[in-house]
Amino acid sequence: MAPEPDSLLPDTERSLFEQPLSPPDLATLTDNDMQQQAEFCPHAGISEVAQLRLVNSLSHCAGRVEVLHNHRWGTVCDDSWDLQDAGVVCRQLGCGTALSAPGEARFGRGSDRIWLDDVNCSGTEVALSDCRARPWGENNCTHGEDAGVVCSDAGISEVAQLRLVNSPSRCAGRVEVLHNHQWGTVCDDSWDLQDAGVVCRQLGCGTALSAPGGARFGQGSDSIWLDDVNCTGTEVALSDCRARPWGDNNCSHGEDAGVVCSGPPFKPMATCPLSNLFWKVAFLVTITLSRTTLASQKWLSSDW
């Protein structure tokens, strides 16, 4: 009797066929697993999904972009980094769409290799590694230019993390931002009307009338979170603007930045009934006549 076909296979190979087929959990794959898969299937086109991450943020859908190459994590330089590139990252990680593509190490500086530079995605790529870029490891950057991403699924509502304080109006005051559960100020280095405009729009306070520095609205007492803010004017939130990394500054609270906005849209006062208006006018006329009479009496008495 002829032996069964699979009985002719060595034990190690037969065990492969006896195991139930199921997709691998990419989140649990180690660098060694990835290397073994690449050696076993050299033309498999190993997915870069497991070789991309966002770090140094409370959300896995926001942070500094890092890629795994040659078993080593490294960063991406912000040269030419834009919303289109960030969109590929967010889609690759299943984090929705890109809200912003902050550069200049907004999420802190990396310490390992800078793997990618001059990334130029068309926006249709499946993975960041599919985008045009310099060869791996070739760059002219420092970690002060590490690229970051904020995706729509990050659950970060920047509107609730900004306020104007120390003023009678909610649309004027010292600018404060919430970071790491602590309110802090913004330094006035390079602070201008364009930066203030983003703040006013974010808070629903109209347009910016002025961007006073020098702690015009008093000095804060906590951290100075942002310095060298440089907005283009089109950003949705102040956190989308270029700036130094959080907490990195060379300022004192005597340089706290402020904003004066035009205010929320004007709402006309409710009209009162004609009868109420009549009595108000009558009251004002009576008061005016009474004062005039008193003044006349005083003048006459002084004359005589």
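Bear in mind the structure is a predicted one, so any value in this text is a computation, not a measurement. (Residues numbered from 1 in each chain as written. Predicted model: local features only at pLDDT ≥ 70, side-chain atom pairs only at ≥ 80, totals over all residues. Heavy atoms only, no water.)

J.: Outline the overall build of the protein, listing residues and values.
T.: Each helix and strand counted, the protein has five helices and 12 strands in total. The 304 residues of the protein split such that 37% are buried. A separation of at least 24 residues holds for 68% of the contacts in the protein among residues at least 6 apart in sequence. Counting only carbon and sulfur atoms, one obtains 56% of the accessible surface of the protein, whose full area is about 17900 Å². (Helix = DSSP H or I, 4+ residues; strand = E, 2+ residues; numbered from the N terminus. Buried < 20%, exposed > 50% of the residue type's maximum accessible area, 1.4 Å probe, protein only. Contact = heavy atoms within 4.5 Å. Areas by Shrake-Rupley, 256 points an atom, 1.4 Å probe, with all protein chains shown as cover.)

J.: Pulling in residues and values, what's your account of the packing of aromatic side chains?
T.: Scanning the entire structure with this criterion turns up two aromatic pairs. With a centroid separation of 6.3 Å and an interplanar angle of 80°, the aromatic rings of Trp-115 and Trp-136 are classed as edge-to-face. Residue Trp-115 is found in strand S5 (residues 113-116), and its partner Trp-136 is found in the loop between S5 and strand S6 (148-151); the two are separated by 21 residues along the sequence. An angle of 80° between the planes, with centres 6.3 Å apart, marks the rings of Trp-225 and Trp-246 as edge-to-face. Remark: Trp-246 occurs in the loop between strand S11 (223-226) and strand S12 (258-261) and Trp-225 occurs in strand S11; sequence separation between them is 21 residues. Classification of Trp-225 by relative accessible area gives buried; the value is 10%. Sitting over the face of the ring of Trp-73, Arg-53 holds its NZ or CZ atom 3.9 Å from the ring centroid. (Phe/Tyr/Trp six-rings, centres within 6.5 Å; stacked < 30°, edge-to-face > 60°. Lys NZ or Arg CZ within 6 Å of the ring centre and 35° of its normal.)

J.: For helix H3 (residues 83-92), give the residues involved together with the corresponding values.
T.: The buried fraction of H3 is high, at seven of 10 residues. Listed in full, the buried residues belonging to H3 are Asp-85, Ala-86, Gly-87, Val-88, Val-89, Cys-90 and Gln-92. Sitting at the amino-terminal end of H3 is Asp-82, which places a side-chain oxygen 3.1 Å from the backbone nitrogen of Gln-84. Directly beyond the C-terminal end of H3, a positive phi value near 70° is found at Gly-94. (Polar contact = N/O pair within 3.5 Å; in protein donor to acceptor, adjacent residues only side chain to side chain.)

J.: So what's going on with the nonpolar core? Residues and values would help.
T.: Ranked by internal contacts, the top residues of the largest apolar core, which has 26 residues, are Val-65, Val-76, Trp-81, Val-119, Leu-128 and Val-149. Looking at this core, the elements with two or more residues in it are strand S1 (52-55), strand S2 (62-69), H3, S5 and S6. Ranked by residues supplied to this core, first place goes to H3 with four residues. The residues touching Val-149, leaving out its near neighbours within four places in the chain, are Leu-54, Cys-61, Ala-62, Gly-63, Val-65, Trp-81, Ala-86, Val-89, Cys-90, Ser-100, Pro-102 and Phe-107. (Core = buried A, V, L, I, M, F, W, Y, C linked by side-chain atoms within 4.5 Å.)

J.: Quick one: what's the story with the state of the cysteines, residue by residue and with numbers?
T.: Enumeration over the complete set of coordinates arrives at eight disulfides. Paired through a disulfide, Cys-121 and Cys-131 show a sulfur-sulfur distance of 2.1 Å. Its torsion about the S-S bond being 100°, the disulfide of Cys-121 and Cys-131 is classed as right-handed. With Cys-121 in the loop between S5 and S6 and Cys-131 in the loop between S5 and S6, this pair connects stretches of sequence that are 10 residues apart. Of the two residues, Cys-121 and Cys-131, neither departs from the other in class, the shared state being buried. (Disulfide = S-S within 2.5 Å.)

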